[in-house]
Protein chains: 2
Amino acid sequence: MIRLDASSADFAPAFSALVNARREADEDVSRDVSAILRSVREQGDAAVRDYTQRFDRHDLDAGGWRISREDCHAALDRLEPELRKALELAAERIRTYHAEQRPADRDHTDAAGIRLGARWNAVEAAGLYVPGGRAAYPSSVLMNAIPAKVAGVDRLAMVTPTPGGLINPLVLAAAAIAEVDEVWRIGGAQAIAALAYGTDTIAPVDVVVGPGNAWVAEAKRQLYGVVGIDMVAGPSEIVVVADGANDPAWIAADLLSQAEHDPTSQSILLTDDAAFGEAVAVEVDAQIARLQTGDTARAAWDANGAIILVPMLEAALPLVDRLAPEHLELATADPDALFAKVRHAGSVFLGRHTPEAVGDYIAGPNHVLPTGRRARFASGLSVLDFMKRTSFIACSPASLAVVGPAAVALAEAEGLPAHAQSIAVRL
Amino acid sequence: MIRLDASSADFAPAFSALVNARREADEDVSRDVSAILRSVREQGDAAVRDYTQRFDRHDLDAGGWRISREDCHAALDRLEPELRKALELAAERIRTYHAEQRPADRDHTDAAGIRLGARWNAVEAAGLYVPGGRAAYPSSVLMNAIPAKVAGVDRLAMVTPTPGGLINPLVLAAAAIAEVDEVWRIGGAQAIAALAYGTDTIAPVDVVVGPGNAWVAEAKRQLYGVVGIDMVAGPSEIVVVADGANDPAWIAADLLSQAEHDPTSQSILLTDDAAFGEAVAVEVDAQIARLQTGDTARAAWDANGAIILVPMLEAALPLVDRLAPEHLELATADPDALFAKVRHAGSVFLGRHTPEAVGDYIAGPNHVLPTGRRARFASGLSVLDFMKRTSFIACSPASLAVVGPAAVALAEAEGLPAHAQSIAVRL
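Keep in mind the model is a prediction, meaning the values are calculated, not measured. (Residues numbered from 1 in each chain as written. Chains lettered and ligands numbered in written order. Predicted model: local features only at pLDDT ≥ 70, side-chain atom pairs only at ≥ 80, totals over all residues. Heavy atoms only, no water.)

Asker: Describe the overall build of chain A, and please don't skip the residues or the numbers.
Answerer: The secondary structure content of chain A amounts to 18 helices and 15 strands. Viewed in the frame of its principal axes, chain A has a C-alpha envelope of about 80 × 60 × 45 Å. A burial count over chain A gives 61% of its 427 residues as buried. A sequence separation of at least 24 residues applies to 75% of the contacts in chain A between residues at least 6 apart. Only carbon and sulfur atoms are counted for the fraction: they give 51% of the accessible area of chain A, which is about 15,200 Å². (Helix = DSSP H or I, 4+ residues; strand = E, 2+ residues; numbered from the N terminus. Buried < 20%, exposed > 50% of the residue type's maximum accessible area, 1.4 Å probe, protein only. Contact = heavy atoms within 4.5 Å. Areas by Shrake-Rupley, 256 points an atom, 1.4 Å probe, with all protein chains shown as cover.)

So this is what it looks like as structure tokens:
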């Protein structure tokens, strides 16, 4: 953890170093990934079978390619009631929030007599990657699957590796709640390739979403354009802007809720109260000691944590925009005054009673958010990621006469006579 | 040009071959491009200077890095009045159409007492690539720049190669009309790298849009995630669905307006009238002979053109969805009846008096559209490509008490105790 003071002379370069620190692994997996993609494209099922045997020690033919909907529902039925209710409440709230994202169609005839509009449609099929191992979160299944279903996707295919045959029942239960249509026991770049290209067994999809390791991320990047993808995801991060009136234990817990994800996670506190900042630092250390995920949190906090003292809270906002954080907490009595001046953040948590974790699970907005300063240009996952817009134009003879001559002039100036001709013959 | 009959026994494989034909060059430029990106990232201006000298034979230091706003306005003032008026009419109509795309913010308190919403902001800076050579179209400048300005982008930087120092005055005039803020005389992958990473001379941007050759497209793909990009673009294409009541000369002109772009362009006619199809084929040949762009159109029509006979026009619609064309003309008396059944198309041109070229220039909707079957999952360029959404959540003590326990249960089930703790301490 580093301590910075925005009033000190050497702040600017130190803050720039923090902003530009690359926490994303520079693993050069691109050659490996392109070889895997090529194999799956050319050999289909056989390649998927081989890679799954090799990387996941799972024999697809003997152990099964799919997990049935019945198995997913059985997993749901076996959940303890409290957990099932929690998942169902989360799903319901996520569904309600995302339903409002469905865009409106347009259809309007303008003063020139030209009818113009746009119509939205869902993609036909979407693929959802769910990691195996410790990042296999049922909440991620809900957050990725429900917007697809709300969009109206006909077919939602989930892929998840089952290393050594091991299946995570929580993930299956979430798939049942989210009405996932297919669950395939495959992972890695080979699973992304199977979804994008299709194989004899697995039909291709149009959009692939969901988190994954460096191979999965690189496969999505390489297949971007063959299919739509959600985004390039990096390590998680939180920025907390807090005044001295907060309970240091609350703010420390919030910083640790990011730090416990992964050693590459980042937690930053911006405060105008030096004593409060120190109290939070003490609390972080105290809570880490009691935390089951303490080793991870300790590694992340030591390597990437920061406490930054600002002369006043408003002075924190330009720093927030530089960081363009995935998660931003504004823990003050009047958070809206600060929020009005924030331009770049994935999701904002307003006030003292809105810990970021409430957004991870239950509030309703998506927890798939732009990381690594990508909130400068990217948004969280939404229904729009599973839809596309078709614009349309209708001219009458009269309205074509109004705008046609200008279009003919432009086509001729661009050296495209057939463009000009297609309008001129109708005038 | 191939002729297919949807009623014939061998139609399915022949149509599949048409759908899956790859018209995009498989040039393996990825290694060259990554070397260029690395150079620009590490050496900044010096690398940009060297590549521009080498590829464009333009000495940036001696001949100038930038084209001033004054030079752009001078180019506009020198335009012949008819052309200037045409460009200004196009700009005005594009602006009006795109203004309606600005998304609404959300801010709502739900039954549980949780305030939820989303706020849209423009990106700070956008970069616009404009090719040199024959694809340097002023209409593309308008179509790419105006949505950025409508979105509220603070700074719009255009890059365009000026091979041998040569500048296209039409492009400058369009830049003046579209209120482009900076024009840089650079091109290729090095220009995309300069925009994404920034150099001492050129400040970085957040989003890069605009068409380009294989190097430019690969550079955008590799930098996707460092910046936002519009899309991966391929050769242009049109599908025309027309009954026998159309004038064959009109439909032939429409098919040729795509074919003249590039030898990789594709024009497909779907008709229920075999005699009409043959009349169009004859007209295409006749018009090509008179066309200044006839060689290109001939190459494209011969290699990629198709006339497909369907038993009835409704039978064309599943074929349209398979092709997911960039441009779709529905040249019938009641095009809405057909349009209602189309799911995948970039832009649709309704009725006999709406040639596709009217959309290229003047109608208002964007002409930057998904190609190569990407209309299955992608949309045309819009104001949204230059904006991003920040979601927000505000809990009160009472509303956190409603949903908090469920979130705690989920966090514990996922093995994330600090997440649980950050909520539990507030309950």
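And the narrative resumes.
Asker: Can you break down the pattern of salt bridges residue by residue, with the values?
Answerer: A complete count under the given rule lists 38 salt bridges over all chains for this structure. For Glu88(A), the salt bridge identified is with Arg84(A), shortest N-O distance 3.0 Å. Here the residue Glu88(A) and the residue Arg84(A) both occupy positions in helix H6 (residues 81–99), the gap between them amounting to four residues, near one helical turn. Between Arg84(B) and Asp77(B) there is a salt bridge; the shortest N-O distance is 3.0 Å. According to the relative accessible area criterion, Arg84(B) is partly exposed, its value standing at 26%. By sharing partners, the salt bridges in this structure join Arg69(A), Lys149(A) and Asp181(A) into a single network. (Salt bridge = Lys/Arg side-chain N within 4 Å of Asp/Glu carboxyl O.)

Asker: How would you sum up unusual backbone geometry? Please name residues and give values.
Answerer: The backbone of Glu179(A) sits at a positive phi, close to 60°, despite the residue not being glycine. Turning to its location among the elements, Glu179(A) is positioned in the loop between helix H8 (169–177) and strand E7 (182–184). You will see that Arg373(B), though not glycine, has its phi angle at about 70°, which is positive. Relative to the helices and strands, Arg373(B) resides in the loop between helix H16 (357–361) and strand E15 (387–394). Given a relative accessible area of 25%, Arg373(B) falls into the partly exposed group.

Asker: Go over the layout of surface pockets, please, and point to the residues and values.
Answerer: Here the second largest pocket defines a volume of roughly 490 Å³. For the second largest pocket, the lining is made up of 23 residues, of which Pro103(A), Ala104(A), Gln101(B), Pro103(B) and Ala104(B) are closest to its centre. Within the residue set of the lining of the second largest pocket, elements represented by two or more residues are strand E4 (115–122) of chain A together with strand E4 (115–122) of chain B. In the lining of the second largest pocket, the residues fall into ten nonpolar, four polar and nine charged. (1 Å grid on protein atoms, 1.4 Å probe; cavity = no way out; pocket = protein on both sides within 12 Å on 5 of 7 lines; lining within 4 Å. Points joined across faces, edges and corners; volume = space filled by probe spheres on them. Nonpolar A, V, L, I, M, F, W, Y, C, P; charged D, E, K, R; others polar.)

Asker: Explain the sheet that holds strand E15 (residues 387–394) of chain A residue by residue, including any values.
Answerer: With mixed pairing, nine strands are arranged side by side in an open sheet as E3(A)-E4(A)-E15(A)-E14(B)-E13(B)-E10(B)-E11(B)-E12(B)-E1(B). The open sheet is flanked by strand E3 (106–109) of chain A together with strand E1 (2–5) of chain B, the only strands paired with a single partner. Across the sheet, the mean angle separating the axes of adjacent strands is 15° when strand polarity is ignored. Sheet topology note: the strand E10 (residues 237–242) of chain B/strand E11 (residues 266–271) of chain B ladder contains six bridges and is parallel. If you follow Ala242(B) over to E11(B), its bridge partner there is Thr271(B). (Pairing = 2+ DSSP bridges. Axes fitted to C-alpha atoms, helices over the stretch in contact; angles between N-to-C directions.)

Asker: Now, about the pairing of strand E5 (residues 125–129) of chain B: what can you tell me, with residues and values included?
Answerer: Residues and elements named next belong to chain B. In terms of burial, E5 is a largely internal element, five of the five residues being buried. As paired strands, E5 and strand E6 (residues 155–159) are joined by five bridges and run parallel to one another. Each residue of the ladder has a partner; that of Gly127, found in E6, is Ala157.

Asker: Tell me about the domain arrangement of chain A, and name the residues and values.
Answerer: When the parts of a complex come together, some accessible area is lost, and that lost area is often taken as the interface size. Residues and elements named next belong to chain A. Per the domain assignment, the segments of chain A are domain 1 (2–23 + 234–363), domain 2 (30–108 + 122–229) and domain 3 (395–424). For domain 1 versus domain 2, the distance between C-alpha centres works out to 32 Å. Counting from both sides, the interface comprises nine residues of domain 1 and, opposite them, nine residues of domain 2. Across the domain 1 to domain 2 interface the summed buried area is about 630 Å²; carbon plus sulfur atoms make up 48%. In this structure, the connection of domain 1 to domain 2 is made through two residue pairs in polar contact (both at pLDDT 80 or more). If one sorts the elements of the side of domain 1 that touches domain 2 by residue count, helix H16 (residues 357–361) sits on top with three residues. For the side of domain 1 that touches domain 2, the residue count by class is four nonpolar, three polar and two charged. (Domains from an automatic or database assignment. Buried area = accessible area lost by both parts, 1.4 Å probe. Polar contact = N/O pair within 3.5 Å; in protein donor to acceptor, adjacent residues only side chain to side chain.)

Asker: Just give me the short version of the UniProt feature "binding site: Zn(2+)" (unreviewed entry) in chain A, but keep the residues and values in it.
Answerer: Residue and element names in this part refer to chain A. Listed under "binding site: Zn(2+)" (unreviewed entry) in the UniProt record, and renumbered for this structure, are Gln258, His261, Asp360 and His419. The named residues occupy 162 residues along the chain; their greatest pairwise C-alpha distance, 56.0 Å, places them well apart from one another. Looking at where Gln258 falls in the secondary structure, it is placed in helix H11 (residues 248–259). There is a polar contact of 3.5 Å between the side chain of Gln258 and the backbone nitrogen of Glu237. Mapping His261 onto the fold places it in the loop between H11 and strand E11 (266–271). (UniProt positions renumbered as here; feature names shortened; annotations may be inferred.)

Asker: Quick rundown of the packing of helix H5 (residues 69–78) of chain B against helix H8 (residues 169–177) of chain B? Include the residues and the values.
Answerer: All names here are of chain B. Where H5 contacts H8, the two axes come as close as 7 Å, and the packing angle between them is 110°. With respect to their mutual orientation, H5 and H8 come out roughly perpendicular. The residues of H8 that touch H5, namely those facing Asp71, Cys72, His73, Ala75 and Leu76, are Pro169, Leu172, Ala173, Ala175, Ala176 and Ile177. A per-class count over the contact of H5 with H8 returns nine nonpolar, one polar and one charged. (Parallel < 35°, antiparallel > 145°, perpendicular 65-115°, else oblique.)

Asker: Can you lay out the UniProt feature "binding site: substrate" (unreviewed entry) in chain A for me, pointing to particular residues and giving the numbers?
Answerer: Residue and element names in this part refer to chain A. Within the UniProt annotation, "binding site: substrate" (unreviewed entry) is assigned to Ser236, Gln258, His261, His327, Asp360, Glu414 and His419. The greatest C-alpha distance among the residues just named is 56.0 Å, and with 184 residues of sequence between them they are spread in space as well. We classify Gln258 as buried; its relative accessible area is 0%. With near-sequence residues (within four places) excluded, Gln258 lies in contact with Ser236, Glu237, Ile238, Ser265, Gln266, Ser267, Glu326, His327 and Glu356. You can call His327 buried: its relative accessible area is 2%. Excluding anything up to four places from it in sequence, His327 contacts Ser236, Glu237, Ile238, Val239, Gln258, Ser347, Phe349, Glu356, Asp360 and Leu369. From its side chain, His327 meets the backbone oxygen of Glu237 in a polar contact 2.9 Å long.

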